[in-house]
Amino acid sequence: MTIRHFTTLADCTPAELAYLIRRAGVLKARHRAGERHAPLPGRVLAQIYEKASTRTRVSFEAGIAQLGGSAIFLSPRDAQLGRGESIEDTARVISRMVDLVMIRAFRHETVTRFAAASQVPVINGLTDHAHPCQLLADIQTWSELRGPVAGRTVAWVGDGNNMCNSYLTASALFDFRLRIACPEGYEPDAALLARHADRVELLRDPLAAAAGADLVTTDVWASMGHEDEMEKRAAAFAGYCVDAAVMAAAAPDAIFLHCLPAHRGEEVAAEVIDGSQSAVWEEAENRMHAQKALMEFLLLGEQAD
C-alpha cells in the first residue's frame, strides 16, 4: 500500500475528505454505543511535540488506544529533531520502529521534511502554516448539526493564522464560501488567498464578514510562539471579538466554533462561547473521532461503513 501523509487537507481529494467525515461519524456512533472497534492491534503511533497541547495529545492517545494500538509521547527533551540530528535522520530511525507519526511543530517545513524521509504515514498535528486535523473536526461538527457544508458561508474573525489558512484550503475542498475579517498586517497566506480568490473575501469589518453566515469561527489572537506580541496584538485586534452583535449579524441558526483554548473577553465573548449557538465542546470531542478515521484510513484505506 502506498504511503499516504496528511500534512495539509490538500493531501486528500474531496471524495476522500468526505469519506473521512462520514467515517468519523460512524466511529463516534459506535464509540458512544459502547461498541469495541479495534482494527489496529499492535500498531504504534509516535507523537512528536515541539508545541505542547492538551486536545492534540489526549485525542490522539485516546483515539489510537480505542483503535487497538498504542502511543509514544516525545517532548522536545526526548527527541533530537533538528537539534544535533537532522530531521531526515530522525525520520528514518523513528519510522522504522512505529506505524504512524504525528508531529506538532512550529515550522511547516519540519513536517514536510520528516514526511519526505519517513517510511510510514506522517500526520500534521499543527504547524505555523496549517492545522488540518482541527478542520476535520470542525467540518464533522458542522455536518452533524447542519448537514453538508457545501454552498454555505463561513465567517472567520481574527488572526489570519494556521487555522485561517486551513479554512482557506477547506473552502475549495468542501465547496463553501469564506469571509475573513482581520486587521491589516494579519492576513492569511497570500498564495492561498490568491488561489481561492473565487470563493474567499477579505474584509476588515467583523459584522460584514458575519452577515448571513452559517458558521462563525475564530482563534486566539496570540498563538503559541507569539507571546511576546500579546500587547501589540491586543491593540491590533480590538474590535475583532466575536460577541453577541457579531452572532446577531449571522444567520439565525448559525453555529459558533473555536479550536480552543479560548480567552473569554478577547477573541470571543463568554456569552457566545457558553451560549446556545456554540458547538465548541462537540467540536473538541470530534478531534478524537476525526483522527481515528484518519489513522484508520492512512493505515488500512477506506473501510465499509
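Above: the structure in question.
About the criteria used
Residues numbered from 1 in each chain as written. Predicted model: local features only at pLDDT ≥ 70, side-chain atom pairs only at ≥ 80, totals over all residues. Heavy atoms only, no water. Pairing = 2+ DSSP bridges. Helix = DSSP H or I, 4+ residues; strand = E, 2+ residues; numbered from the N terminus. Axes fitted to C-alpha atoms, helices over the stretch in contact; angles between N-to-C directions. Contact = heavy atoms within 4.5 Å. Core = buried A, V, L, I, M, F, W, Y, C linked by side-chain atoms within 4.5 Å. Buried < 20%, exposed > 50% of the residue type's maximum accessible area, 1.4 Å probe, protein only. Disulfide = S-S within 2.5 Å. Salt bridge = Lys/Arg side-chain N within 4 Å of Asp/Glu carboxyl O.

**Examining the sheet that holds strand S2 (residues 70–74)**
Pairing is parallel across the open sheet formed by 4 strands, whose spatial order is S2-S1-S3-S4. Two strands bound the open sheet, and with one partner strand each, they are S2 and strand S4 (122–126). Each strand of the sheet is rotated relative to its neighbour by a mean of 20 degrees, with strand direction disregarded.

**With respect to the sheet that holds strand S9 (residues 255–258)**
Strand-to-strand pairing in sheets goes through backbone hydrogen bonds, with the strands running parallel or antiparallel. Strand order across the open sheet formed by 5 strands is S7-S6-S5-S8-S9, with parallel pairing between neighbours. Strands at the two margins of the open sheet, each flanked by one partner only, are strand S7 (200–203) and S9. With direction set aside, neighbouring strand axes in the sheet form an average angle of 20 degrees. Here strand S6 (residues 177–181) pairs with S7 via 4 bridges, running parallel. Across the sheet, the residue bridging to Arg179 is Glu201, located in S7. The sheet contacts of helix H5 (residues 132–146) involve strand S8 (215–218) and S9, and relative to S9 the element is tilted by about 160 degrees.

**Details of the nonpolar core**
Counting residues in hydrophobic clusters, the biggest one holds 52 residues, and the most contacted among them are Phe6, Ile123 and Tyr167. Ranked by residues supplied to this core, first place goes to helix H12 (residues 280–300) with 7 residues. Setting aside residues up to four positions removed in sequence, Tyr167 forms contacts with Leu135, Asp138, Val154, Trp156, Phe176, Leu178, Leu215, Thr217 and Leu257. In this structure, Tyr186, Ala210, Val272 and Val280 belong to the second largest nonpolar core, which totals 27 residues.

**So, the state of the cysteines**
All told, the structure shown has 0 disulfides when counted by the stated rule. Cysteine Cys164 shares no disulfide, and the gap to the nearest cysteine sulfur, in Cys182, comes to 6.7 Å. For Cys164, a relative accessible area of 0% translates into the label buried.

**A short note on the pattern of salt bridges**
This structure, assessed with the given rule, holds 18 salt bridges. Here Arg152 ties to Asp214 by a salt bridge, and the two come within 3.2 Å at their closest N and O atoms. One end of the pair, Arg152, is in the loop between H5 and strand S5 (153–157); the other, Asp214, is in the loop between helix H8 (206–210) and S8, and 62 residues separate them in sequence. Since its relative accessible area comes to 12%, Asp214 is described here as buried. A single network of salt bridges, built from pairs that share partners, joins Lys28, Arg32, Glu144, Glu282 and Glu285.

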